[in-house]
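# Fold and contact review
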Amino acid sequence: MRMYDIIEKKRDGGELTEAEIRFFVEGYTKEDIPDYQVSALLMAIYYQGMTPEECATLTSAMVDSGDKIDLSAISGIKVDKHSTGGVGDTTTLVLAPLVASLGVPVAKMSGRGLGHTGGTIDKLEAIPGFHVELTGDEFIELVNKNKVAVVGQTGNLTPADKKLYSLRDVTATVDSIPLIASSIMSKKIASGADAIVLDVKTGAGAFMKDLADAKELAHQMVSIGNHVGRKTMAVISDMSQPLGRAIGNALEVQEAIETLKGNGPTDLTELCFTLGSQMVVLANKADNLDDARLKLKESIQTGKALAQFKTFIASQGGDASVVDDPTLLPAAAQKIELKAKNSGTIQSIIADDIGTAAMMLGAGRATKESDIDLAVGLVLHKKVGDSVKAGETLVTIHANQEQIDEVKEKLYTSITIAEHPAKAPSLIYDMITE
Ligand code: URA
Ligand code: CA
């Protein structure tokens, strides 16, 4: 087999066979095939696309390029939730204990990563003592005992995806929906879940800014999952404004606690019920979505979900008393209120600009090497559609730095107030099951 022929076939719109796809993925991982040929193929894929079969094969080939996590020692159906990423997305912190409280095993492998705030692990590490350094055996034991554990990335998962992603990054081929879908799904599948619930975000703060693109990505990911025998569904949710009110690591832990107590922001709570009921049904812990939702609500009302969160924190070395006393979480030196300059209705709160403002405070990492400040961030007092009077607080800025004029400026330009009314955006745009 020759790489030249594979490039030519895709360039001319042909469908690659399993053997051809495995040849280039394996060859590239072993560095037998040079970057320039793979670059040419990626560009051909960018223009010609891939069929559902090609996408599923590419995904499997990337999964097979490295280690696979074996969760078979955990009893029950393991359902993973994946979000394509947004600003102030606190759902994992709420969902993990919430669905675990109904007996759904949550075996979460998570990362730190780059972004406006830290990843799930960074957020959890805002809890004093909490750690994610577990051996594989400890991880499995904890999930069997408590139904929930979170571990840092271990093993050499999907090395082919790592190499291909880096190459796409420098060859203008990241924005290809089949390549994005295969990349994300390869990591989920290698992590061992039996079923996958995807939260595909759309809007200013999302990777997929456009609703039609988000739907297409969701369709392709669901198709890949189902092709390789993992039940997969996707929810398309709004990320035009940040989710909930808190953006920042310790602030989001506090928001998660409030949500588990039943006092969370409406949008975050609703998204957790929507995603959570899908997870519960996929795990066979409820007959249908309505039943699942009732059970989730009940778990919050009775305090079962909150108790589950405490157990989870304590089992990984964390101080569970933060749940009753959030002042034990890291706090920023200053709390500054950003006041509205005029009265009216909030028209928009541009999610990615708010994320940038949080990053400027130190809540996220700009590069892999940068440190993050777990205490800092933003709390929104108003959301789109709310009315506001001049002088009222729009945002509380939690800062450890003296100079925050630029942050304030960024926030003022990302929040638009006008006299005419405005409606809050829909939270859920679509659900995709095939
Ligand atoms: N995130 C991924 O993991 N892969 C992509 O290709 C794009 C976003
Ligand atoms: Ca939030």
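Everything here concerns the structure above.
Residues numbered from 1 in each chain as written. Chains lettered and ligands numbered in written order. Predicted model: local features only at pLDDT ≥ 70, side-chain atom pairs only at ≥ 80, totals over all residues. Heavy atoms only, no water.

### Thoughts on the site of ligand 1
How we decide: It suffices for a single heavy atom of a residue to lie within 4 Å of a molecule or strand for the residue to be listed as near it. Polar contact is defined as a pair of N or O atoms within 3.5 Å, subject to the rule that within protein one atom must be able to donate a hydrogen and the other to accept it, and that residues adjacent in sequence are counted only when both atoms are side-chain atoms. Each accessible area value is a Shrake-Rupley result obtained with a 1.4 Å probe; residue values ignore everything except the protein chains displayed when judging cover. Numbering goes from the N terminus for both helices and strands, where a helix is a DSSP run of H or I of at least four residues and a strand is a run of E of at least two. Amino acids outside the nonpolar list (Ala, Val, Leu, Ile, Met, Phe, Trp, Tyr, Cys, Pro) and the charged list (Asp, Glu, Lys, Arg) are all regarded as polar, and Gly is one of them.
The full set of residues close to ligand 1 is Tyr165, Arg168, Ile180, Ser183, Ile184, Lys187 and Phe207. The side chain of Lys187 places a nitrogen or oxygen atom 2.5 Å from an oxygen atom of ligand 1. Contact with the protein chains hides 85% of the accessible area of ligand 1, taken as 240 Å² for the molecule alone. Every element with two or more residues in the shell around ligand 1 is listed here: α8 (159-170) and α9 (177-190). Among the elements that make up the shell around ligand 1, the one with the highest residue count is α9 (four residues). For the shell around ligand 1, the class distribution of residues is four nonpolar, one polar and two charged.

### Some thoughts on the nonpolar core
This is how the line gets drawn: To qualify as a nonpolar core, a set must consist of buried Ala, Val, Leu, Ile, Met, Phe, Trp, Tyr and Cys residues joined through side-chain atoms within 4.5 Å. Under the scheme applied here, a residue whose accessible area is under 20% of the maximum for its type counts as buried, over 50% as exposed, and between as partly exposed, the area being computed with a 1.4 Å probe on protein chains only. In what follows, residue pairs with any heavy atoms lying within 4.5 Å of each other are defined as contacts.
Of all hydrophobic cores here, the largest spans 83 residues; its most connected members are Ile127, Leu378, Val395, Ile397 and Leu411. At eight residues, the largest contribution of residues to this core is made by helix α12 (residues 266-282). In contact with Leu411, other than residues within four places in its own chain, are Leu338, Ile354, Ala357, Leu378, Val395 and Ile397. Val25, Tyr28, Ile177 and Leu198 belong to the second largest nonpolar core, which has 56 residues in total.

### Overview of the packing of helix α2 (residues 18-29) against helix α4 (residues 52-63)
What counts here: Each axis is a line fitted through C-alpha atoms, and for a helix only the stretch in contact is used; angles between axes span 0 to 180 degrees, taken between their N-to-C directions. In this scheme, a crossing is called left-handed if the near helix is turned counterclockwise away from the far one by less than a right angle; it is called right-handed if the turn is clockwise.
Viewed as axis vectors pointing N to C, α2 and α4 meet at an angle of 40°, and their least axial separation amounts to 9 Å. α2 and α4 meet at a crossing whose hand is right-handed. Contacts between α2 and α4 pair Glu18, Ile21, Arg22, Phe24 and Val25 from the former with Glu54, Thr57, Leu58, Ser60, Ala61 and Met62 from the latter.

Coordinates in, geometry out; function isn't part of it.
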